[in-house]
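These are the residues of each chain, in order.
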Amino acid sequence: MATSDDGLTRLDLVLRNLTEYVPHNAARNGLTDSGLLAQLNIRAGTTTKFEACFVDGASPNDAVRTVTLRVFDLVVYDIESPRKSKETVRIDSGFDAYVLGDATELVKDRTPHADGSVGFASSLHGVGGDNPDDPDQLTAQQKARSLQVYYRDRACVNITLGVPFDPEVDVAAQPKSGRNFLFGSLRAPLREGAYDCSVAQPPAAPPLSPLPPSPSLPPAPPGGYSAPPPAPPPSV
């Protein structure tokens, strides 16, 4: 596995669409200007399911190797409502837990999904000027618009991102634009103490069984043991 100069493992996050993906401006895909967050552009009125995999950052393109992580989080930032629409995020079953920020603006789907997935939607309007650039310097509003999902012992996870139109607005009046979804990770839960990120240690080996006692010698006869008689002389 590749390691960086500081000894840390170098991983890449690779997104692969599992359903049709339609960007509005694919040139926006990649890292943000700060280089600290990933960005994915999706055309308004479309929804796409993606597979996100962690891969060895040093493996060649023709031999990409996925890496299973003991525990990790995936954060979707800046989930907000554009004009006459909203942003939605749906996480497949298999996650360990999800964490929402204090005073979250996200609305969880009211109806449970039969496949165990969980969905969220934005509720308030936002603009590009309030987007985060540093995951370690989030404002209260940026935390309220973030979804943090924890996984254990996984290399790949599925997530569905969408910008569905408001069904009450005429199609002709819907915006012909796109939305940028931001991804990253955090050093700690969005809410302090909301998740235990520790990795369980393997159980200790059971103690060894005591050795059986050595067999005891029979008691000595009265007067103690006598020396054996000498061997007879050899025959001539």
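Presented here is a report on the structure given in the accompanying data block.

Parameters at a glance
Residues numbered from 1 in each chain as written. Predicted model: local features only at pLDDT ≥ 70, side-chain atom pairs only at ≥ 80, totals over all residues. Heavy atoms only, no water. Disulfide = S-S within 2.5 Å. Helix = DSSP H or I, 4+ residues; strand = E, 2+ residues; numbered from the N terminus. Salt bridge = Lys/Arg side-chain N within 4 Å of Asp/Glu carboxyl O. Buried < 20%, exposed > 50% of the residue type's maximum accessible area, 1.4 Å probe, protein only. Polar contact = N/O pair within 3.5 Å; in protein donor to acceptor, adjacent residues only side chain to side chain. Contact = heavy atoms within 4.5 Å. Core = buried A, V, L, I, M, F, W, Y, C linked by side-chain atoms within 4.5 Å. Phe/Tyr/Trp six-rings, centres within 6.5 Å; stacked < 30°, edge-to-face > 60°.

Moving on to the state of the cysteines. In total, this model carries one disulfide according to the counting rule given. A sulfur-sulfur distance of 2.0 Å marks the disulfide that ties cysteine 53 to cysteine 156. With the S-S dihedral at roughly 115°, the linkage between cysteine 53 and cysteine 156 falls on the right-handed side. Remark: cysteine 156 occurs in strand β11 (residues 156-162) and cysteine 53 occurs in strand β4 (residues 47-56); sequence separation between them is 103 residues.

Under the counting rule described, the total for this entry stands at 12 salt bridges. One salt bridge connects aspartate 56 with arginine 65, and the closest N-O pair in it is separated by 3.3 Å. A salt bridge links arginine 70 to aspartate 153; the shortest N-O distance between them is 3.9 Å. With arginine 70 in strand β5 (residues 69-77) and aspartate 153 in strand β10 (residues 147-154), this residue pair connects regions lying 83 residues apart in the sequence. Classification of arginine 70 as partly exposed rests on a relative accessible area of 48%.

The topology assignment puts aspartate 92 in the loop between β6 (88-91) and β7 (97-100). According to the relative accessible area criterion, aspartate 92 is buried, its value standing at 14%. There is a polar contact of 3.0 Å between the side chain of aspartate 92 and the side chain of lysine 49. At 3.3 Å, the side chain of aspartate 92 and the side chain of asparagine 158 are in polar contact. For aspartate 92, the residues in contact, after removing those within four places along its chain, are Lys49, Ser117 and Asn158.

Within soluble globular proteins, side chains that are nonpolar generally end up buried alongside one another. Formed by 27 residues in total, the largest nonpolar core has its most connected members in Val89, Leu147, Leu161 and Phe181. Going through the elements one at a time, β3 (38-43), β4, β5, β6, β9 (118-121), β10, β11 and β12 (178-184) are the ones with two or more residues in this core. If one sorts the elements of this core by residue count, β5 sits on top with four residues. If near-sequence neighbours (up to four positions away) are discounted, leucine 147 is found in contact with Leu74, Val75, Val76, Ile79, Val89, Tyr98, Val99, Leu100, Leu106, Phe120 and Leu190. In terms of nonpolar packing, the next biggest core, distinct from the first, is built from 11 residues, Ala97, Val99, Tyr150 and Tyr195 among them.

The next subject is the packing of aromatic side chains. Given two aromatic rings, their pairing is described by the distance between the two centres and the angle made by the two planes. Inspection of every chain in the model, using the stated rule, returns six aromatic pairs. Among the aromatic residues, those joined into a ring-pair cluster are Phe54, Phe72 and Tyr151.

Quick look at the environment of arginine 90 now. Among the structural elements, arginine 90 can be located in strand β6. Excluding residues within four positions of it along the chain, arginine 90 makes contact with His113, Asp115, Ser117, Val118, Gly119, Asn158, Ile159 and Thr160. A polar contact of 3.1 Å, which involves the side chain of arginine 90, links it to the side chain of histidine 113.

Honestly, that's just the spatial picture; any functional story needs more than this.
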